[in-house]
Amino acid sequence: MVALKEVMYLMFHPTQLRSIAQWKIWHEPAYRRDPSKESATLRSCFELLNLTSRSFAAVIQELQPEMLVPIALFYIVLRALDTIEDDMTLPLETKEPMLREFSKYMKMDGWTFNGSGPDEKDRDVLVHFDDVVVELKKIDKKYYDVIEDITIKMGNGMADYALNAEFQEGVETTAQYEEYCHYVAGLVGEGLTRIFVQGNTANPALLDRMELTESMGQFLQKTNIIRDVHEDFEDKRRFWPKDVWSKYVDRWEDMFDPKYRTQALYCSSEMVLNALKHADECLFYMAGIREQSVFNFVAIPQSMAIATLELVFQNPKIFHSHIKITKGDACHLMMQSTQNLRVVCDVFRTYARRIAKKNDPRDPQYVEISVACGKVNGL
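Residues numbered from 1 in each chain as written. Predicted model: local features only at pLDDT ≥ 70, side-chain atom pairs only at ≥ 80, totals over all residues. Heavy atoms only, no water.

Undergrad: When you look at the pattern of salt bridges in this model, what are you seeing that I'm missing?
TA: Two side chains of opposite charge can pair, provided their charged atoms sit close to one another. Tallying each qualifying case throughout the model produces 28 salt bridges. The salt bridge partner of E135 is K138, with a shortest N-O separation of 3.1 Å. When its relative accessible area of 4% is taken as the criterion, E135 is described as buried. On the basis of relative accessibility, which here comes to 52%, the residue K138 falls in the exposed class. We note a salt bridge from R194 to D149, for which the minimum N-O separation is 2.7 Å. Here R194, found in helix α12 (residues 174-198), pairs with D149, found in helix α10 (residues 141-163); they are 45 residues apart in sequence, far enough to count as distant. Put simply, R79, D82, K121 and D122 are held in one network by salt bridges that share partners. (Salt bridge = Lys/Arg side-chain N within 4 Å of Asp/Glu carboxyl O. Buried < 20%, exposed > 50% of the residue type's maximum accessible area, 1.4 Å probe, protein only. Helix = DSSP H or I, 4+ residues; strand = E, 2+ residues; numbered from the N terminus.)

Written out as structure tokens, the structure is:
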């Protein structure tokens, strides 16, 4: 039934079908992974990668050989951490020490964990983590040290939030929101940048501009938090800070009540503005990438993020359903994002203009959003 719906949709949206066909036919990866040359444990790691995120896994597997395995393992390790943090079935007395000590498990031969909830979608990463341990021991120490350092920082940050009873009720302040996004996404950007520089695929000057690295992670994370607001609400999780939403409604539940739809949209505009302020620094960061496959790896998610931000802006659907950009739009964005920085800048300007066009003069954030869009368009 889903396949039939998709076929019918594409029949009435030929430009979407064309974008999908162009990506399938004309996309030529800079590099292709060769499973025939891999050990059984490394093939297992890539299977885990595919289970966690097919789209992200596809981009990773087109990286140049020097970057391929370290970044794949880095992503799997962080996904394992994220799985522990997200698992609401794990008691705090189990979760907190696991997060703090996860870097030790990376060195323990045969370590696995079978205690995740049965519905935890990425539980297999922990069940088969022994294969990841085997492969981590094979990579160059300069890459392992980065992965270990970021795992320690992120694990401790996640554990601190798990212990914070106030946070369990939802994020209270914008400062807390920024700090949370740093631990779950900003640190990912730091780790990737250090790996890129160690592999001579990025300008070492990026290490002196960590605010650019931070913006890369924060832009992706904040966009996802805005898009997933209804899904998180159903899971009894709240990442939108109270010092933002309380300006518009009295209770968090009111955000999802159609009676308060206008106020909810104004609130979402403030959240979009908070994310949009990172857009220009993302482009500055990408200017420091020296190798095409790594450029593709960082550019594709950022282009998807600016497109998603435009999709959720002034869109009431985020409060009653889960929305995402279409497959055709995603393919078109991937075609554009695998060219060069000038084309990616054009993508950002296109979506910034669309956001500006949707901007409502009655919105309290109207002027600031207009300025933020103008900043992107001026690049």
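Undergrad: Is there a simple way to think about the environment of P241 in this case?
TA: Mapped onto the fold, P241 is located in the loop between α14 (229-234) and α15 (242-245). Judged by relative accessible area, which is 0%, P241 ranks as buried. Residues P241 and E178, spaced 63 residues apart in sequence, show a C-alpha to C-alpha distance of 9.6 Å.

Undergrad: How should the environment of D145 be read in this particular structure?
TA: Residue position: D145 is located in helix α10. Separated by 50 residues in the primary sequence, D145 and I195 have C-alpha atoms spaced 9.7 Å apart. Looking at D145, its side chain comes within polar contact range of the side chain of K141, at 2.7 Å. (Polar contact = N/O pair within 3.5 Å; in protein donor to acceptor, adjacent residues only side chain to side chain.)

Undergrad: Quick question: what am I supposed to make of the confidence of the model for the protein chain here?
TA: Where the model shows low pLDDT, its predicted coordinates should not be examined in detail. Scored by pLDDT, the protein chain has a mean of 91; 92% of the residues are at 70 or more. Least confident of the elements in the protein chain is helix α1 (residues 2-11), whose mean pLDDT is 57; most confident is helix α16 (residues 261-276), at 98. (pLDDT = per-residue confidence, 0-100.)

Undergrad: Would you explain the packing of helix α3 (residues 40-52) against helix α5 (residues 65-86) in this entry?
TA: If you want to describe how two helices pack, look at the angle between their axes and the distance between the axes. In the contact formed by α3 and α5, the axes pass within 10 Å of each other and the chain directions differ by 55°. Here α3 is positioned oblique relative to α5, judged by the angle of their axes. In the crossing of α3 with α5, the sense of the turn from one axis to the other is left-handed. Residues L42, C45, F46, L49 and T52 of α3 form the contact with α5, whose own contacting residues are L68, V69, A72, L73, Y75, I76 and R79. Across the contact of α3 with α5, the residue classes tally to ten nonpolar, one polar and one charged. (Axes fitted to C-alpha atoms, helices over the stretch in contact; angles between N-to-C directions. Parallel < 35°, antiparallel > 145°, perpendicular 65-115°, else oblique. Left-handed = near helix turned anticlockwise from the far one by under 90°. Contact = heavy atoms within 4.5 Å. Nonpolar A, V, L, I, M, F, W, Y, C, P; charged D, E, K, R; others polar.)

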